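# Remarks on the overall topology
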Amino acid sequence: MKTHRRILSLFLAASLLALSLTACSGKTNDAPADPAVNNTQSPPADSKTDGGPAQDAALKETLTWAQSADVFSFDPNVGKETTAIQVTGNIYDTLFTVTADGEIEPMLATGWEQNDELTYTIKLREGVLFHDGTPFTAEDAKYSLDRAVASPAVNYIANFIDHVDVVDEYTIKMVTLEPYAPAIRNLTHPGMGITCKAYSEANGEDIYATAPMGTGPFKFIEWKQGDYVKLERFDEYWAGPAPMKYLTMRVIPEAAQRTIALETKEVDIAYDILPNDVDRLNAAEGVSVVSGSSLMCYYIGMNFQNEYLSNVNVRKAIRLAVDVEPMISAIMYGGAQVATTVLAPACFGFQGDVAAVPCDVEQARQLMKDAGYENGFTLSIVVSDDQTRVEICQVIQNQLKEIGIDLKIDVVEQATYVDTVGRGAHELCFQNWTTSTADADYTYYPLFHSSCYGSQGGRAFGEIPGIDGILEKAKGCEDPNERIALYGQAEALIQEYAVNLPLMWTDLNVGLTDKVEGFQLMSNTYHKLYNVQCFQ
């Protein structure tokens, strides 16, 4: 048996990424037993030595961060939205994780062996405790993966799994339905978070929605819905206790108010800083902004069940009437790039030959006439109560007037938004999608396969002829070049049927006070606070 260690980077060339994940009999990937070797989880030093707070400065008791929306559900197999994961990622662990550099590293697993094209033997870390003191074993790993497969919300991440067997107390065997190149990478997704079988049996499956309990570095204390979440350090964490005793997440929907809260030191970290505030904050005393590219795309989803949107010419007209450049310059202050597809350029399977849809109002008007709607009609767009997203919708509202569409903007809080689009009760929707695993399957299958409309991600609720078979073939394909070609075929259909309107690939901006150190910007937006310190 050939043995070697493999480290995978999201930012390698796409073909190398796919090749590194292609099934090959007899591979083993082992990690050191010592958790301190794991860069993602190794405890930070006690103090900062690179010009930050003095080495003898005392830590604050609580680190507070602000984000735009509340948690929808604390259940890792249900609350898959970014704003949920930014909280629950500190409560739950996964079998494997992704570093800020995009590398896969073991977490609750210590290594894996691929026995054949369908079978993976995964060794688990010993001595891990859940927050209630229950030991983590193979029974919990099997239970958690089975639970993910059964979940309507995250099944699209886990549906490559046929079954999981317990080999012994710290070994599981995962068997896939067919060869699946990104199998181990999918196990890094927070939607595959490990939950406690005994906790569920004692309290019922629904307990995780409001009273989460995992193996992560912080344990749940309190949730005041729409206001804050409080977490407390788990001192028995397998990789060593985090430096901060408490974490508090505050819900501050308006980006301008998050910026003010950062400047006044009401919060220590503020997510999603407005691009127009970046230069000012970087020039201000005591605060700064860390910025970088993301794997996120803003796009407009179109519900084919709507009378008007069922007509492909109407969908094409909307795409032609919208000019994204003014939004990037006036609202994003240059902090985004015009998107050609929902899949971001850094991801495997990205189709670089797809051109951006040009703004052509005259052609859009002709398509409206061809569709029989020369005099226009009224549509609505639902959007969460995020300042930037609402402003973008307002620009789209004005642009669509040019082709006779009276667009009503329905601004709702996050939980209502998730429920609305999950039920298909929208007409248009302002959507963001992060390709968290950096693999095309994570985006194309849940957004465009007909089985995934609703809570899994699809917003079209209508037929895209021929795409299901292509996506199913790509999911099981071992040849990376063939996979890329298949995703090209899928994208051609998405463009032909004008399924949605990609707007922009966004940059990330996170504000920090100068008392914070150890924060790492994650391109998938799932920032974790285990290694972060905040000084008085």
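Note: the structure precedes this text.
Now for a description of the structure that goes with this document. (Residues numbered from 1 in each chain as written. Predicted model: local features only at pLDDT ≥ 70, side-chain atom pairs only at ≥ 80, totals over all residues. Heavy atoms only, no water.)

### A few points about the pairing of strand β15 (residues 377-384)
Most of β15 sits out of view: 6 of its 8 residues are buried. The parallel pair β15 and strand β16 (residues 405-412), bridged by helix α13 (residues 387-401), forms a crossover whose chirality is right-handed. In the sheet, β15 pairs with strand β17 (residues 428-434) via 2 bridges, with the strands oriented parallel. Following the sheet pairing, V382 is matched in β17 by C429. (Buried < 20%, exposed > 50% of the residue type's maximum accessible area, 1.4 Å probe, protein only. Helix = DSSP H or I, 4+ residues; strand = E, 2+ residues; numbered from the N terminus. Right-handed = clockwise from strand over helix to strand, strands pointing away. Pairing = 2+ DSSP bridges.)

### Concerning the environment of K173
By the element assignment, K173 lies in strand β8 (residues 171-176). Accessibility expressed as a relative area gives 31% for K173, which makes it partly exposed. In the structure, K173 is positioned 10 residues away from H163 in sequence and 8.4 Å away in space, judged by C-alpha atoms. Beyond its immediate sequence surroundings of up to four residues, K173 is in contact with N115, T119, Y120, T121, H163, V164, D165 and V167. (Contact = heavy atoms within 4.5 Å.)

### Thoughts on the pattern of salt bridges
A side chain with one charge can pair with a side chain of the opposite charge if their charged atoms come near. Applying the stated criterion across every chain, the model contains 18 salt bridges. A salt bridge links R147 to E205; the nearest nitrogen and oxygen atoms lie 2.5 Å apart. Of this pair, R147 sits in helix α3 (residues 138-150) while E205 sits in the loop between α6 (197-203) and α7 (207-210), placing them 58 residues apart in sequence. A relative accessible area of 10% means that R147 is categorised as buried. (Salt bridge = Lys/Arg side-chain N within 4 Å of Asp/Glu carboxyl O.)

### Observations regarding the packing of helix α8 (residues 255-263) against helix α9 (residues 275-283)
Look at α8 against α9: their axes get within 11 Å of each other, and the N-to-C directions meet at 10°. Classified by the angle their axes make, α8 and α9 are roughly parallel. Residue-level contacts link T259, L262 and E263 of α8 to D277, R280 and L281 of α9. Across the contact of α8 with α9, the residue classes tally to 2 nonpolar, 1 polar and 3 charged. (Axes fitted to C-alpha atoms, helices over the stretch in contact; angles between N-to-C directions. Parallel < 35°, antiparallel > 145°, perpendicular 65-115°, else oblique. Nonpolar A, V, L, I, M, F, W, Y, C, P; charged D, E, K, R; others polar.)

### Here we look at the layout of surface pockets
A volume near 800 Å³ is recorded for the largest pocket. Forming the boundary of the largest pocket are 47 residues, of which E81, T82, R389, Q414 and N432 lie nearest the centre. At 6 residues, the largest contribution of residues to the lining of the largest pocket is made by helix α14 (residues 414-422). Counted by class, the lining of the largest pocket contains 19 nonpolar, 17 polar and 11 charged residues. (1 Å grid on protein atoms, 1.4 Å probe; cavity = no way out; pocket = protein on both sides within 12 Å on 5 of 7 lines; lining within 4 Å. Points joined across faces, edges and corners; volume = space filled by probe spheres on them.)

### So, the environment of P152
Within the secondary structure, P152 sits in the loop between α3 and α4 (155-158). Through-space distance from the C-alpha of P152 to that of S455 is 6.7 Å; in sequence the pair is 303 residues apart. Contact partners of P152, with chain neighbours within four places excluded, come to S455 and Q456.

### Describing the nonpolar core
Formed by 106 residues in total, the largest nonpolar core has its most connected members in L95, L187, I269 and F519. The element best represented in this core is helix α15 (residues 440-448), accounting for 6 residues. Once you skip the residues sitting within four places of it in the chain, I269 turns out to touch L63, T64, W65, A66, L262, V510, G511, L512, V516, F519, L529 and V532. Membership of the second largest hydrophobic core comes to 39 residues, among which are I318, A321, L428 and F430. (Core = buried A, V, L, I, M, F, W, Y, C linked by side-chain atoms within 4.5 Å.)

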